[in-house]
Amino acid sequence: MSAAERVWERMQDVLGRHDRRKAVTEALGLSFIKIKALRRLASGPLTLADLAERLNTDRPYVTLVVDDLEQRGLVSRTVHPQDRRRKLVAVTPAGAEAAATAERILAEPPASLAALDADELAQLDRLLAKLTTAG
């Protein structure tokens, strides 16, 4: 196994062990796709088609997701002001609160990362920056 393969395997292990999706779905009692929808809508209303595109899924499925979120009082639908055939979906105050909770949970670093000292974190940050800017 090459050094790059070994590092890649370790990175996947770290990310897999610290996947925050389970924590956020349990905290909010929602599937992860519904949480993703709330997070996308938190920045502003979207049409169902736009939401489907941002979630990288099909419109009929997004309709089911939005139906459930609406029943829970987390989103609302209104008629699009320029096209009455289309609907705009927006988060309600409860939906915005749920989206903010999701963001907090997903942004929380794992204990093993927080345990690194400042120099180690700086070194890791430099390496990750290098990886993200490399084509």
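Looking at an unreviewed UniProt entry, the protein chain carries the name MarR family transcriptional regulator, with the source organism given as Amycolatopsis thermalba.

(A) Spatial organisation of the overall build of the protein chain. Counting its secondary structure elements, the protein chain contains eight helices and three strands. Start at the N end of the protein chain and walk to the C end: the helices and strands fall as α-α-α-β-α-α-β-β-α-α-α. Against the globule reference of 14 Å for 135 residues, the protein chain gives a C-alpha radius of gyration of 19 Å, more extended than a compact globule. The buried share of the protein chain, taken over its 135 residues, is 25%. Restricting to contacts in the protein chain with at least 6 residues of sequence separation, those with at least 24 account for 46%. Accessible surface computed for the protein chain: about 9200 Å², of which carbon and sulfur atoms make up 53%. Averaged over its 21 positive side-chain charges, the protein chain has a centre that lies 5 Å from the centre of its 19 negative ones.

(B) Main features of helix α8 (residues 118-133). With 16 residues, α8 ought to run about 22 Å at 1.5 Å a step, and its terminal C-alpha atoms sit 22 Å apart, in line with that. Counting buried residues in α8 gives zero out of 16 residues, a small share hidden from the surface. At the N-terminal end of α8, a side-chain oxygen is found 3.0 Å from the backbone nitrogen of Asp119, two or three residues along, and the residue is Asp117.

(C) Broad picture of the packing of helix α3 (residues 32-41) against helix α5 (residues 59-71). Two elements in contact, α3 and α5, have axes whose closest approach is 10 Å; the angle formed by their N-to-C orientations is 80°. Compared by their axis directions, α3 and α5 come out roughly perpendicular. Note on element contacts: α5 touches α3 through Tyr61, Val65, Asp68 and Leu69, opposite Ile33, Lys34, Ala37 and Leu38. Partitioned by chemical class, the residues of the contact of α3 with α5 number six nonpolar, no polar and two charged.

(D) Expanded view of the sheet that holds strand β1 (residues 46-47). The three strands lie next to each other as β1-β3-β2, forming an open sheet whose pairing is antiparallel. Every other strand in the sheet has two partners, leaving β1 and β2 (75-79) as the edge strands with one partner each. Summarising the sheet, β1 and strand β3 (residues 87-91) pair through two bridges and their orientation is antiparallel. Pairing of Thr47 across the sheet is with Leu88, part of β3.

(E) How the structure looks around the environment of Ala122. Note on placement: Ala122 falls in helix α8. For the pair Ala122 and Ala49, spaced 73 residues apart in sequence, the C-alpha to C-alpha distance is 41 Å.

Cut-offs applied
Residues numbered from 1 in each chain as written. Predicted model: local features only at pLDDT ≥ 70, side-chain atom pairs only at ≥ 80, totals over all residues. Heavy atoms only, no water. Helix = DSSP H or I, 4+ residues; strand = E, 2+ residues; numbered from the N terminus. Rg over C-alpha atoms; globule rule 2.2 N^0.38 Å. Buried < 20%, exposed > 50% of the residue type's maximum accessible area, 1.4 Å probe, protein only. Contact = heavy atoms within 4.5 Å. Areas by Shrake-Rupley, 256 points an atom, 1.4 Å probe, with all protein chains shown as cover. Lys, Arg positive; Asp, Glu negative; His and termini not counted. Charge placed at Lys NZ, Arg CZ, Asp CG, Glu CD. Expected span 1.5 Å × (residues − 1). Polar contact = N/O pair within 3.5 Å; in protein donor to acceptor, adjacent residues only side chain to side chain. Axes fitted to C-alpha atoms, helices over the stretch in contact; angles between N-to-C directions. Parallel < 35°, antiparallel > 145°, perpendicular 65-115°, else oblique. Nonpolar A, V, L, I, M, F, W, Y, C, P; charged D, E, K, R; others polar. Pairing = 2+ DSSP bridges.

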